[in-house]
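Overview (structure and organization)
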Amino acid sequence: MPAATQPTAKRPEFPVRRPLKRPAVHPGALMREILEDHLNLTIAEAARRMGVSRPALYAVLNGTAAVTAEMALRFARLTGGAPELYLNMQTGYDLEAARQRLKEAEAAPAAT
């Protein structure tokens, strides 16, 4: 016998505001969190497994160097993630930094 179906109450719809106003985050912050909190790897061990120098990985994790396609591929191979995530985060971070620099340049008095 089929189970009796009761009419479900319609849920209220809430407006979605897009895009969300969040500051861009350097992908190194996420990569560091993955290494430290989820994989429990030191930077030196992660660099060794990835086949990169420790200073190169350290610079990315600290946000002083950009994530390259090669670094994203190596990190994704280590973690099992998608390299596109790190590259998209880097693009968003770079775009936000460029917007900020342009805004500051336009706000500065023009030198004549």
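Please refer to the structure higher up on the page.
Read on for a plain summary of the structure. All values derive from a computational prediction rather than experimental measurement. (Residues numbered from 1 in each chain as written. Predicted model: local features only at pLDDT ≥ 70, side-chain atom pairs only at ≥ 80, totals over all residues. Heavy atoms only, no water.)

Describing the overall build of the chain
- Regarding its fold elements, the chain presents 5 helices and 0 strands.
- Going residue by residue from the N terminus, the α and β elements of the chain occur as α-α-α-α-α.
- Burial status across the chain gives 22% buried among its 112 residues.
- Considering only residue pairs separated by 6 or more positions, the chain has 55% of its internal contacts joining residues 24 or more positions apart.
- Element-wise, carbon and sulfur atoms account for 56% of the exposed surface of the chain, whose accessible area totals about 8,900 Å². (Helix = DSSP H or I, 4+ residues; strand = E, 2+ residues; numbered from the N terminus. Buried < 20%, exposed > 50% of the residue type's maximum accessible area, 1.4 Å probe, protein only. Contact = heavy atoms within 4.5 Å. Areas by Shrake-Rupley, 256 points an atom, 1.4 Å probe, with all protein chains shown as cover.)

Comments concerning the nonpolar core
- Formed by 17 residues in total, the largest nonpolar core has its most connected members in Met31, Leu35, Leu57, Val67, Met71, Phe75 and Tyr86.
- Per-element tally for this core: the top contributor is helix H2 (residues 43-50), with 4 residues.
- Aside from chain neighbours lying at most four places away, what touches Phe75 is Met31, Ile34, Leu35, Met50 and Tyr86. (Core = buried A, V, L, I, M, F, W, Y, C linked by side-chain atoms within 4.5 Å.)

Remarks on unusual backbone geometry
- In this structure, Asn40 takes a positive phi of about 55 degrees despite not being glycine.
- Mapped onto the elements of the fold, Asn40 is located in the loop between helix H1 (27-39) and H2.
- Here Asn40 falls in the exposed class, since its relative accessible area comes to 61%.

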